[in-house]
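The primary structure of each chain is shown beneath.
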Amino acid sequence: MKRFIMQNNAIRIILITIFWLLIYQMLYMYIDNDIYIPSIQSILKEIVNIFTNKEQLIDIIFTVGRMIMGSTISIIAAIIIAVICASTTYIFDFVKPAMAILKTAPSIVLIIISLIWLDAEDLPVIICVAMCLPIMFSNIVYGILNIDKVHLDFVKVYNIKKKNVYSYLYISLLKPYFISGVNTIIGISFKVIIATEILALPKYGIGKRIYDSKLYLKTDEMLAWTVIVIVASLLIEKYFNKFATKRVKVIV
Amino acid sequence: MILLKNIYKSYGEENVLKGLNLEIRENKITCIIGKSGIGKTTLLSILANIEQIDSGEIINNNHKISFVFQRDTLLPNTKVIDNFKYILGEIYDKEKLGTLIDKYLEKFEMAEKKYEYKENLSGGMVQRIKIIQALLYPSDILILDEPFKELDEEMKEILVTELKKINKTIIISSHDLDLVKNIADDIVELK
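Residues numbered from 1 in each chain as written. Chains lettered and ligands numbered in written order. Predicted model: local features only at pLDDT ≥ 70, side-chain atom pairs only at ≥ 80, totals over all residues. Heavy atoms only, no water.

So, the overall build of chain A
Here is the rule: Only DSSP runs of H or I reaching four residues or more are called helices, and only runs of E reaching two or more are called strands; each is numbered from the N terminus. Burial classes: relative accessible area under 20% of the type maximum marks a residue as buried, over 50% as exposed, and values in between as partly exposed (1.4 Å probe, protein chains only). Residue contacts follow a heavy-atom distance rule, with two residues in contact if any of their heavy atoms lie within 4.5 Å. Computed by Shrake-Rupley with a 1.4 Å probe, the accessible areas treat only the displayed protein chains as cover when residues are assessed. All tallies of charge rest on Lys and Arg as positive and Asp and Glu as negative; His and the ends of each chain are not included. Where a charge lies is defined by one atom per residue type: Lys uses NZ, Arg uses CZ, Asp uses CG and Glu uses CD.
The helix and strand inventory of chain A stands at ten helices and zero strands. Sequence-ordered secondary structure for chain A, helices as α and strands as β, is α-α-α-α-α-α-α-α-α-α. For chain A, the C-alpha atoms occupy an extent of roughly 70 × 60 × 30 Å along the three principal directions. Taken across its 252 residues, chain A has 40% of its residues classed as buried. For chain A, the share of sequence-separated contacts (at least 6 apart) that also reach a separation of at least 24 residues comes to 74%. As presented, chain A carries roughly 14,900 Å² of accessible surface, and 71% of it is formed by carbon and sulfur atoms. Placing the 25 positive and 16 negative side-chain charges of chain A at their respective mean positions leaves the two points 15 Å apart.

Spelled out as structure tokens, the structure:
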């Protein structure tokens, strides 16, 4: 039964993919201009080119590395700030507006302002943290604030040690908030890092390559990079979820 | 002995306890009965120091308490064994805790569920784990809010036998009058 469902699912995904590729091909044939819409073949050729070129592989490694670094810093910082804010209301009152500004400020404004006084190599990670931190923070802080009172009463009655409250209660109750936050920031971090790379033009990075392809009107190369980014983002999200949905083994 | 004198407790406009006077005898089983919403859980929460009274006086209420809450207090995404370690890990050494958990799980016919996740337990099983947690916690007073809810007849019997064996102050709220009559040394009806 399980095998049948999986087969069914695979067929469904293949059919949906074929449908969208057909739509793209029809558009390509209708517009008939490789600068506006390049053919699927030329995009695939560009993808192969990218993966056979050492320099371009370094670009991928740099962008993915920045994404992982930016997301990790955001997650760790968000957890620390959220725990402090959840336990001290007046600190939360101070942090709230800062997070709201970061959350609502257009990323392009932050990038341009930061470009004036930051190094192009560091900028993508910093902007990624600035964009992802408030999302992760909101998820975790509201997770902590929404902990059911009965669990807090339980901690009080049984006089449970802080160490156990963190390692058991918080981990088990905040896990869904954490997973949802990370899933959101994986996609956002890629977008922000590439947008920053396009504007800051560091030595290596997918953004720089996309900028070059735009400059020389190489749309097929630009779309090839886009496909790589989407696939990388989906793969990271998939493997994260596979890891995160494994039951947490609490180590005390 | 715990003495409650002229206790008043309200939530907003709703007066839950109005001038309650009560004496709870040491090492006896006191059962609290009464209609739903009459204030049984509020009274137990006051005795467990979870809720504060609006006025009145409680004498001799500084005890170590174990409490079986009416609501689900087990940790989600967590194994049964870790739910025990969560509250008892700092109290017993590893070996003793292991022995105690095994003994009580066996007693409540849950031995095979030791490494099961909470989500895979039925309502009755969750209730049994909550009861075992409270029984294993070294306390002076054991408070149980509707402990027989979700338990089948056999489990009710096992719990009654276990409670009768314990030599500590036990306070139970229940709707099950037959069980209350069977187990209680003192019965308090809230009106």
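Thoughts on the interface of chain A and chain B
Quite often, the size of an interface is put as the accessible area lost when its parts meet. Our working rule: Buried surface area refers to the total accessible area, computed with a probe of radius 1.4 Å, that the two partners give up upon joining, counted for both partners together. Whenever Lys or Arg places a side-chain nitrogen within 4 Å of a carboxyl oxygen from Asp or Glu, that contact is recorded as a salt bridge. Two N or O atoms count as a polar contact when they lie within 3.5 Å, although within protein this holds only if one can serve as hydrogen donor and the other as acceptor, and sequence-adjacent residues are included solely when both atoms are side-chain atoms. Only Asp, Glu, Lys and Arg are considered charged in this grouping, and only Ala, Val, Leu, Ile, Met, Phe, Trp, Tyr, Cys and Pro are considered nonpolar; every other residue, Gly among them, is considered polar.
In this complex, chain A contributes 22 residues to the contact, which on the side of chain B involves 27 residues. For the chain A and chain B pair, buried surface summed over both sides reaches about 2,300 Å², with 57% attributable to carbon and sulfur atoms. Connecting chain A to chain B are three salt bridges. When the shortest N-O distance is used, the salt bridge between B:R71 and A:D148 registers 2.2 Å. Here chain A and chain B share six residue pairs in polar contact (both at pLDDT 80 or more) between them. Contributing elements (two or more residues each) for the side of chain A that touches chain B: helix 7 (149-157) and helix 8 (162-200) of chain A. With eight residues, helix 7 of chain A is the single largest residue contributor to the side of chain A that touches chain B. Classifying every residue of the side of chain A that touches chain B by side-chain character gives eleven nonpolar, four polar and seven charged.

Considering the side chain of A:D153
By the element assignment, A:D153 lies in helix 7. In this structure, A:D153 is in contact with B:I50 and B:F69, ignoring residues within four places of it in sequence.

Concerning the packing of aromatic side chains
Rules: Working definition: rings of Phe, Tyr and Trp (its six-membered ring) pair if their centres are within 6.5 Å, and the pair is stacked with planes under 30 degrees apart, edge-to-face with planes over 60 apart, and tilted otherwise.
On inspection of all chains with the given rule, the structure shows twelve aromatic pairs over all chains. With 4.6 Å between their ring centres and 45 degrees between their planes, A:F154 and A:Y158 make a pair best called tilted. A single burial state applies to A:F154 and to A:Y158, both of which are buried. Note on A:Y158 and B:Y137: the rings are 4.8 Å apart at their centroids and 85 degrees apart in plane angle, and the pair reads as edge-to-face. Here A:Y158 is found in the loop between helix 7 and helix 8, whereas its partner B:Y137 is found in the loop between helix 4 (123-136) and strand 6 (141-145) on a different chain.

Remarks on the pattern of salt bridges
When charged atoms on two side chains of opposite charge get close, those side chains can pair. Residues and elements named next belong to chain A. On inspection of all chains with the given rule, the structure shows 18 salt bridges over all chains. One salt bridge connects K208 with D212, and the closest N-O pair in it is separated by 4.0 Å. Placement of both K208 and D212 in helix 9 (residues 206-215) is noted, with a separation of four residues, approximately one turn of the helix. The partner of K218 in a salt bridge is E221, with the nearest N and O atoms 3.0 Å apart. For K218, a relative accessible area of 37% corresponds to the partly exposed category. The buried category is assigned to E221, whose relative accessible area is 7%.

Here's the deal with the domain arrangement of chain B
All names here are of chain B. Heads up, the condition is: Where each domain starts and ends comes from a domain assignment, either automatic or drawn from a database.
Looking at the assigned domains, one finds that chain B contains domain 1 (1-64 + 142-191) and domain 2 (76-138). For domain 1 versus domain 2, the distance between C-alpha centres works out to 24 Å. Facing 16 residues of domain 1, the contacting portion of domain 2 comprises 13 residues. Of the roughly 1,200 Å² buried at the junction of domain 1 and domain 2 (both faces included), carbon and sulfur atoms supply 63%. Looking at the side of domain 1 facing domain 2, the largest losses of area belong to K64, M155 and E162, adding up to 37% of the total buried there. Where domain 1 meets domain 2, there are one salt bridge. The salt bridge involving K107 is made with E162; its shortest N-O contact spans 3.2 Å. Across the domain 1-domain 2 interface, the total number found is three residue pairs in polar contact (both at pLDDT 80 or more). Top element by residues in the side of domain 1 that touches domain 2 is helix 5 (residues 153-165). It accounts for seven residues.

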